[in-house]
Amino acid sequence: MKHLLSASDLSRDEAVLILDTAAAMAATQERAIKKLPTLRGRTVVNLFFEDSTRTRISFETAAKRLSADVINFSARGSSVSKGESLKDTALTLQAMGADAVVIRHQASGAPHVLAQSGWTRGAVLNAGDGTHQHPTQALLDAYTLRHHLVGLRAATDPVGRDLAGLDVVIVGDILHSRVARSNVELLHTLGATVTLVAPPTLVPVGVEPWPCAVSYDFDEVLDAGPDAVMMLRIQRERMVDGGFFPSPWEYTRNYGLDARRLARLPDHTIVLHPGPMNRGLEISADAADSPRAVIVEQVANGVAVRMAALYLLLTGADHMQGETE
Amino acid sequence: MTAYLLQGVRPLGGEPTDVLVGDGTILVIGATAAGTAEATEAERLDVSGLVLLPGLVDLHTHLREPGREDAETIASGSRAAALGGFTCVHAMANTLPVADTAGVVEQVWQLGRDAGYVDVRPVGAVTAGLGGERLAELGAMAQSHAAVRVFSDDGKCVADPVVMRRALEYAKAFDAVIAQHAQEPRLTTTAQMHEGQVSAELGLAGWPAVAEEAIVARDVLLAEHVGSRLHVLHLSTAGSVEIVRWAKTRGIDVTAEVTPHHLYLTDERVRSYDPVFKVNPPLRTAADVEAVRAGLADGTIDTVGTDHAPHPREDKDCEWAAAAFGMTGLETALSVVQAAMVDTGAMTWADVARVMSATPARIGRVGDQGRPLAVGEPANLTVVDPDARRVVVPADQATASVNTPFAGMELPGRVVATFLHGRPTVMDGRLVEPAT
Ligand SMILES: [Zn+2]
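Not measured: the values here are computed from a predicted model. (Residues numbered from 1 in each chain as written. Chains lettered and ligands numbered in written order. Predicted model: local features only at pLDDT ≥ 70, side-chain atom pairs only at ≥ 80, totals over all residues. Heavy atoms only, no water.)

A. Region of the structure containing the nonpolar core. Of all hydrophobic cores here, the largest spans 92 residues; its most connected members are Leu145, Leu163, Ile170, Leu186, Phe218 and Leu310 of chain A. Here the element with the most residues in this core is helix H12 (residues 295–315) of chain A; it accounts for twelve residues. For Ile170 of chain A, the residues in contact, after removing those within four places along its chain, are Ala180, Asn183, Val184, Val194, Thr195, Leu196, Val197, Met230 and Leu232 of chain A. Of all hydrophobic cores here, the second largest spans 76 residues; its members include Ala91, Val118, Ala136 and Val216 of chain B. (Core = buried A, V, L, I, M, F, W, Y, C linked by side-chain atoms within 4.5 Å. Buried < 20%, exposed > 50% of the residue type's maximum accessible area, 1.4 Å probe, protein only. Helix = DSSP H or I, 4+ residues; strand = E, 2+ residues; numbered from the N terminus. Contact = heavy atoms within 4.5 Å.)

Spelled out as structure tokens, the structure:
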């Protein structure tokens, strides 16, 4: 694995390896001294063309806990501001000797362009590109699902296991969601069954070949008793055309997760949200703060998964070394 | 003026013969050509087995001058055109300043004459500044030395139905045609690529086929209502082919164009996120490619236009969303048409002459181009070696830009010679500097 650009880059075994590696990383984070020497002397650049403090901090924490040197580079994308181009920025980072570039960009495909251009020799890790992909988000969601629904539920160690047999529902703005695209691919690869739920205006034209079902009826899907419900953020900033639904209230009535809908679910069902949440729009406070919600855990798991991804990309290891076991 | 004897050439791909060219015209066709008095002085070209076509005519070229000489100049674009087998190109109006006055179109026309490689016919803007709101002075441009007969806001759609109606009506006074870039703007505000299965996966905003088809449908009905000529530029969808086919059966005076890239490439190419494949209208699906090929073969689509759209390197050396729309095409058009239509058996070389020379000349009202290969006709000629194969190398092209989507691909056919009014602009596949 030279780069991590898309969830579709990962085979079932590679994905399970990342989850297993993340589990080992998470175990080290229980210790008093959390820092590992693994990436000492390596440089990881966080190249963020789009503001996202939470994702940047997650990657920064992951890199630092592996003892890498971290450079945070905030740039404004050429598509928006005619600021410094992706190319010039990449060449600058190359001159700084970046071993890995973690890139967040508002343009779909920007990490692919970076990886294929020859502008950087480092590994490219996609931290979210436009409305395309966000593979580490999908990995941390898969990690969270496996931890709860494969591990805790059966009281077993989930290491080595995939998500076969799980029913996962993803609800909301599919059209603009890189989280949805990544999760559909990765969860399918790991053997889960995925159902997308959204008003038809927020489902992309051309969704037919995706390995998932699509429904416009949230309540009907909930009544089927899914194992997990993942709520997506309504991305008002991407809705420049407007008019995707008549009003926030109608959206909430039909597609919001609230206490009433929560009550229809089986006891074991968990609730996920990639954050940041629009409380009162796609998710009510009752739902966000309920014991079913694993939203805060997702954040912690994000660090472990990103440690695993950086470790595997930068060491080229296809199995975990003793030092982190 | 030197005379040229083309020996063993196959007019329109037919039987080999000799063709004597001199004084800007075709003097003799046939076995007797070599024995004539003019032939004794003539330069003899052994072109046996090669195909002779009337010089190609492009109704759709972006030469970028004035304003974007960093991408192309009329001189560099003219050289690219000659190497591609063209003897006449129509220079689109979306320059800086816009070609919306007699002054600008005459400047473009004059620069084309100065370059001397092809006849450059300026296209005038339909609306002032391509603003889409009020008509440019079509009359002044038509009556200028440039004698404009094709008007287009290409790059933008004349979206307002009233403005489009008036333009269609008004152009009748000069026997001119309105060439429409059919793109419903509200349906394509953020569009980056064809809307379908590939865009859904890539997370790029979609450019739906209906945004083209809705305008094509509206415009053929407007053309029928006011009894005007309409030319649909770069038709790209199966639905548009159906609408034009229907309009023609109704007797509506509509013609349609397809580009080489829409005959050959699909939206699958976008998976690379390489902006060299970013174009407007976008690359469509394999089913659309099949439909436009069928439409070209059965005459529903009348012409192939290159939509040669050079861009400086920095406008393509970036992420997809930031990149400019457009591809170069003058130096690959004939090869792509050969690959898509001739080598597949869908069309003959005579058909190629029709869609790349005769019909575009007729639509543009260019009297001395696109003429039959007959004695006494102007010697605007292209000699093609259909058996040659070549790999496209962007840096080796004459266009000032490198944004060809065919880079690295092997294509059939090579332009060996081009004659403009009897004078060679290309010989042995290389440019011939015009005598000054
Ligand atoms: Zn156009």
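B. Seen up close, the coordination of the zinc ion. Residues and elements named next belong to chain B. For the zinc ion, the full set of protein donor atoms is Asp154 (OD), His181 (ND1) and His234 (NE2), and the range of their distances to it is 1.9 to 2.3 Å. Positions of the donor residues of the zinc ion, expressed as sequence spacing, correspond to D-x26-H-x52-H. Remark: His234 occurs in the loop between strand E13 (230–232) and helix H8 (238–249) and His181 occurs in the loop between strand E10 (177–180) and strand E11 (193–194); sequence separation between them is 53 residues. The exposure classification of His181 matches that of His234, with both residues buried. (Donors = N, O, S within 2.8 Å, 3.2 Å for Na, K, Ca; no water.)

C. How the structure looks around the sheet that holds strand E2 (residues 69–74) of chain A. All names here are of chain A. Taken together, the four strands give an open sheet; going across it, the order is E2-E1-E3-E4, and neighbouring strands pair in parallel fashion. Of all the strands in the sheet, just E2 and strand E4 (123–129) have a single pairing partner and so form its edges. For this sheet, the mean inter-axis angle between neighbouring strands, taken without regard to orientation, is 15 degrees. As paired strands, strand E1 (residues 43–48) and E2 are joined by six bridges and run parallel to one another. For Val44, the partnering residue across the bridge sits in E2 and is Val70. Against the sheet, helix H5 (residues 110–117) makes contact with strand E3 (100–105) and E4, and its axis sits at roughly 165 degrees relative to E4, the strand it touches most. (Pairing = 2+ DSSP bridges. Axes fitted to C-alpha atoms, helices over the stretch in contact; angles between N-to-C directions.)

D. Molecular detail of the packing of aromatic side chains. Enumeration according to the criterion identifies five aromatic pairs over all chains in this entry. Through a chain of ring-to-ring contacts, three or more aromatic side chains come together here, namely Phe245, Tyr251 and Tyr255 of chain A. A cation over a ring is seen here: Lys278 of chain B above Phe325 of chain B, with NZ or CZ 4.6 Å from the ring centre. (Phe/Tyr/Trp six-rings, centres within 6.5 Å; stacked < 30°, edge-to-face > 60°. Lys NZ or Arg CZ within 6 Å of the ring centre and 35° of its normal.)

E. Looking closely at the confidence of the model for chain A. On average, residues of chain A carry a pLDDT of 91, and 93% of them reach 70 or more. Across residues 319–325 of chain A the pLDDT falls below 50, and counting only partners more than four positions away or on other chains, this stretch makes 16 contacts in the model. (pLDDT = per-residue confidence, 0-100.)

F. Geometry of the interface of chain A and chain B. Taken together, the contact between chain A and chain B spans 26 residues of the former and 18 residues of the latter. Summed over the shared surface of chain A and chain B, the number is one salt bridge. Taken together, chain A and chain B are joined by six residue pairs in polar contact (both at pLDDT 80 or more). Contributions of two or more residues to the side of chain A that touches chain B are made by helix H3 (78–81), helix H4 (86–95), H5 and helix H7 (178–189) of chain A. At four residues, the largest contribution of residues to the side of chain A that touches chain B is made by H5 of chain A. Considering only residue class, the side of chain A that touches chain B consists of eleven nonpolar, ten polar and five charged. (Salt bridge = Lys/Arg side-chain N within 4 Å of Asp/Glu carboxyl O. Polar contact = N/O pair within 3.5 Å; in protein donor to acceptor, adjacent residues only side chain to side chain. Nonpolar A, V, L, I, M, F, W, Y, C, P; charged D, E, K, R; others polar.)

G. The arrangement of the confidence of the model for chain B in detail. Here chain B averages 97 in pLDDT, while 100% of its residues score no lower than 70. Interface confidence for the predicted complex, expressed as ipTM, amounts to 0.91; the pTM equals 0.94.

H. Up close: the sheet that holds strand E6 (residues 56–61) of chain B. Residue and element names in this part refer to chain B. Within the open sheet, the three strands sit side by side as E6-E7-E8. Their pairing is parallel. Two strands lie at the open edges of the sheet, namely E6 and strand E8 (119–122), each paired on one side alone. Adjacent strand axes in the sheet meet at a mean angle of 20 degrees, parallel and antiparallel pairs treated alike. Lying over the sheet, helix H3 (residues 102–115) contacts strand E7 (86–91) and E8, oriented at roughly 170 degrees with respect to E8.

I. Structural detail: the pattern of salt bridges. All names here are of chain B. Under the criterion given, the structure shown has 31 salt bridges over all chains. Its salt-bridge partner being Lys248, residue Asp302 comes within 2.7 Å of it at the nearest N-O pair. Of this pair, Asp302 sits in the loop between helix H10 (286–297) and strand E15 (303–304) while Lys248 sits in helix H8; the two residues are 54 residues apart in sequence, bridging distant segments of the chain. Residue Asp302 is classed as buried on the basis of its relative accessible area of 12%. For Lys248, a relative accessible area of 26% puts it in the partly exposed group.

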